[in-house]
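# An overview of the molecular structure
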Amino acid sequence: MVGVSSISAKQVLPKFQMEAKKEIFHYNHTDSCRFSRWTARESYQFMYARPWQKVLDFYSNVVNGSSSLSDLFGAEKFHAHEGDAEISESCDETEMGSVSSKKRSGRWARVTFKIVLAYNGASFDGWQKQPGLNTVQGLVETSLGKFVDEKKLQQLQDKCLPVEGCAFVAGRTDKGVTALRQVCSFYTWRKDVKPQDIEDAINSAAPGKLKVSSVSEVSRVFHPNFSAKWRRYLYIFPLNDEGNGELSCQSGEGVENHKSDENHIAENNGYGKYNDETVGNLIVNDEEGLEIESRRKPGTFSVSRVNQLLLQLEGKLLSYKMFARDTKASRNVGPPTECFVYHARATEARLPCPDSGEERRVMCVELVANRFLRKMVRVLVATSIREAAAGAGDDALIKLMDATCRRATAPPAPPDGLSLIDVGYSEFDPQNCLI
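Only a predicted model underlies this, so the values are computations on that prediction, with no experimental measurement involved.

## What about the overall build of the chain?
- For the chain, the count of helices and strands is 13 helices and 11 strands.
- Taken across its 435 residues, the chain has 49% of its residues classed as buried.
- Of the contacts made within the chain by residues no fewer than 6 positions apart, 81% connect residues no fewer than 24 positions apart.
- With an accessible surface of roughly 21200 Å², the chain has 49% of that area assigned to carbon and sulfur atoms.

The structure is reproduced here in structure tokens:
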């Protein structure tokens, strides 16, 4: 009898407790603007309630060549940026020449190609190849299959595997993220493969969505990821032309939805489960906390304020683990989380909308660093906007790096606004920036 009752308690009591009490954990900010700072749900709502299709259309036009970055930043800035890309390519050609002058044999007999390509993020499920998904890597490697050497071809056929090439990339982009000058490489032992053959094969895979900018033969030592010295990202955030924010924090309505959405956002943006080490830095949002949460919060932010916050990151080697998502535990401490940011700026621009014949106000954020963690750019953008709206101090982003829980930072901004602009293989020149 005792055994039956104990089993019943184990089965019923935890379930009852879960249904009776739903708790939402927020990071316990202690600064003076803690009541003005958006919650995860409010930040998510503010970021996604935007006309993102306009940005997607612009990126699509840039990829297929009907628009360019000069439409945002002007011809002078655009040409300076293009010149920087030429410097990077000339650096690779120098490496290539040092090897070409020698007689190739053994492992050096293989030919390595550097492929620079652009793709529209809205058309793909990210870069990395995954079963059943339409990915950039999948299309590229399928296109490169016709250039593999006989030995590789035989190995694939013996294992009943699809005939595909192997492409190494400078950096994997998430689903929805566009790239204008992504860099990948491919090698083969065949001597009859020409750069134009590779370009034609990839361009025919997804016309209008995937386009090769250039293909060149480089040194065997070239690796698009390990040889890179910096990466440049651009984030375009649509502004409200009326000057009014969409965020509304009225009390009373939708309290239960607020709670369930908060948990959903936390789970789907890499916050993960809390533990004994982090729970001390969190506060519980229950019925008693509704009074604080119902306070009216700012619904607008200043672009110049975002720029001021980002400026504090320039020229510093810092750990960005609080601004990363979906990273392994082994990468949460130490040098693997450290990034050196060369350039971090924000400015207002006008996004051309050919269909309507009008222009839309947008905020452009340019970030250049030696490396970026998973979703780091999107979290930085969202957190910068949140802190700017709350009126936080200039060192707000720096202070957040000392937090003990990733709930201290905002959920990642939508992938629609993000684009990998280019990857550099020469020393970074601060004169060749878009902003």
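Next comes the rest of the description.
## Observations regarding the pattern of salt bridges
- Inspection of every chain in the model, using the stated rule, returns 17 salt bridges.
- A salt bridge links Arg374 to Asp174; its shortest N-O distance comes to 3.3 Å. Here the residue Arg374 occupies a position in the loop between strand 10 (358-369) and helix 12 (376-390), and Asp174 occupies one in the loop between strand 3 (168-169) and strand 4 (178-188), the gap between them amounting to 200 residues.
- Here the salt bridges share partners, and the residues they tie into one network are Arg37, Arg386 and Glu387.

## What about the packing of helix 11 (residues 303-311) against helix 12?
- For the pair helix 11 and helix 12, the least separation of the axes is 9 Å and the interaxial angle reads 120°. By the angle between their axes, helix 11 is oblique relative to helix 12. Note that helix 11 runs across helix 12; the crossing there is right-handed. Every residue of helix 12 that contacts helix 11 at Arg305, Val306, Leu309 and Leu310 is listed here: Ser384, Ile385, Glu387 and Ala388.
- Residue composition of the contact of helix 11 with helix 12, grouped by class: 5 nonpolar, 1 polar and 2 charged.

## Overview of the nonpolar core
- Phe301 and Tyr320 are the most contacted members of the largest nonpolar core, which has 105 residues in total.
- With 10 residues, helix 12 is the largest single contributor of residues to this core.
- With residues near it in sequence (within four places) discarded, Tyr320 still touches Leu313, Thr337, Cys339, Val341, Leu373, Met376, Leu380 and Met401.

## Remarks on the layout of surface pockets
- Its volume calculated, the largest pocket comes out at about 1400 Å³.
- If you list the elements that add at least two residues to the lining of the largest pocket, you get helix 2 (40-48), strand 3, strand 6 (230-238), helix 12 and strand 11 (418-424).
- With 3 residues, helix 12 is the largest single contributor of residues to the lining of the largest pocket.

## Overview of the packing of aromatic side chains
- Under the definition given, this model contains 18 aromatic pairs.
- Note on Trp230 and Phe428: the rings are 5.8 Å apart at their centroids and 75° apart in plane angle, and the pair reads as edge-to-face. Placement of Trp230 in strand 6 and of Phe428 in the segment after strand 11 is noted, with a sequence separation of 198 residues between them. For the pair Trp230 and Phe428, a shared accessibility class is recorded, and that class is buried.
- Chaining the aromatic ring pairs together yields one cluster made of Trp38, Phe46, Trp52, Tyr235, Phe237 and Phe301.
- The lysine or arginine in question, Arg50, covers the ring of Phe46, its NZ or CZ lying 4.4 Å from the ring centre.

## Description of helix 12
- Helix length check: helix 12 (15 residues) gives 21 Å between terminal C-alpha atoms against 21 Å at 1.5 Å per residue, within 8%.
- For helix 12, the tally of buried residues reaches 15 of 15 residues, placing the bulk of the element in the interior.
- Residue Gly391 follows helix 12 closely and has a positive phi angle near 80°.

## With respect to the packing of helix 6 (residues 136-144) against helix 8 (residues 195-203)
- The N-to-C vectors of helix 6 and helix 8 enclose an angle of 135°; their axes lie 9 Å apart at closest approach. Relative to helix 8, the element helix 6 lies oblique. Considering how the two elements wind past one another, helix 6 and helix 8 form a crossing that is right-handed. From helix 6, Val140, Ser143 and Leu144 reach across to helix 8, where they touch Ile198, Ala201 and Ile202.

## Some words on the environment of Gly121
- Of note, Gly121 is situated in the loop between strand 2 (111-119) and helix 6.
- Relative accessible area serves as the criterion here: at 2%, Gly121 is assigned to the buried category.
- Distance in space between the C-alpha atoms of Gly121 and Val177 is 4.4 Å, their sequence separation being 56 residues.
- Excluding residues that lie within four positions of it along the chain, Gly121 makes contacts with Gly176, Val177 and Thr178.

## Brief notes about the environment of Phe186
- Its place among the elements puts Phe186 in strand 4.
- Taking the C-alpha atoms as reference, Phe186 lies 9.8 Å from Ile198; in sequence the two are 12 residues apart.
- Not counting residues within four places of it along the chain, the set of residues in contact with Phe186 comprises Val111, Thr112, Phe113, Ile115, Leu144, Phe147, Val148, Gly165, Cys166 and Ile198.

## A word on helix 8
- Considered for burial, the residues of helix 8 that qualify are Ile198, Ala201 and Ile202. Looking straight down helix 8, one finds that the buried residues subtend no more than 95° of arc, so they occupy a single side.
- Close packing links the buried residues of helix 8 with strand 2, helix 6, strand 4 and strand 5 (210-218).

## Observations concerning unusual backbone geometry
- Here the phi dihedral of Cys160 falls at roughly 55°; this positive angle occurs in a residue that is not glycine.
- According to the relative accessible area criterion, Cys160 is exposed, its value standing at 70%.
- With a phi angle near 60°, Lys375 is a residue other than glycine that sits in the positive phi range.
- Among the secondary structure elements, Lys375 is positioned in the loop between strand 10 and helix 12.

## Some details on the environment of Ala346
- Structurally, Ala346 can be placed in strand 9 (residues 338-353).
- On the basis of relative accessible area, Ala346 is assigned to the buried category, the value being 7%.
- Residues contacting Ala346, with those up to four places away along its chain left out, are Val303, Val306, Asn307, Leu310, Met363, Cys364, Val365 and Ile435.

Conventions adopted
Residues numbered from 1 in each chain as written. Predicted model: local features only at pLDDT ≥ 70, side-chain atom pairs only at ≥ 80, totals over all residues. Heavy atoms only, no water. Helix = DSSP H or I, 4+ residues; strand = E, 2+ residues; numbered from the N terminus. Buried < 20%, exposed > 50% of the residue type's maximum accessible area, 1.4 Å probe, protein only. Contact = heavy atoms within 4.5 Å. Areas by Shrake-Rupley, 256 points an atom, 1.4 Å probe, with all protein chains shown as cover. Salt bridge = Lys/Arg side-chain N within 4 Å of Asp/Glu carboxyl O. Axes fitted to C-alpha atoms, helices over the stretch in contact; angles between N-to-C directions. Parallel < 35°, antiparallel > 145°, perpendicular 65-115°, else oblique. Left-handed = near helix turned anticlockwise from the far one by under 90°. Nonpolar A, V, L, I, M, F, W, Y, C, P; charged D, E, K, R; others polar. Core = buried A, V, L, I, M, F, W, Y, C linked by side-chain atoms within 4.5 Å. 1 Å grid on protein atoms, 1.4 Å probe; cavity = no way out; pocket = protein on both sides within 12 Å on 5 of 7 lines; lining within 4 Å. Points joined across faces, edges and corners; volume = space filled by probe spheres on them. Phe/Tyr/Trp six-rings, centres within 6.5 Å; stacked < 30°, edge-to-face > 60°. Lys NZ or Arg CZ within 6 Å of the ring centre and 35° of its normal. Expected span 1.5 Å × (residues − 1). Arc of directions from axis to C-beta.

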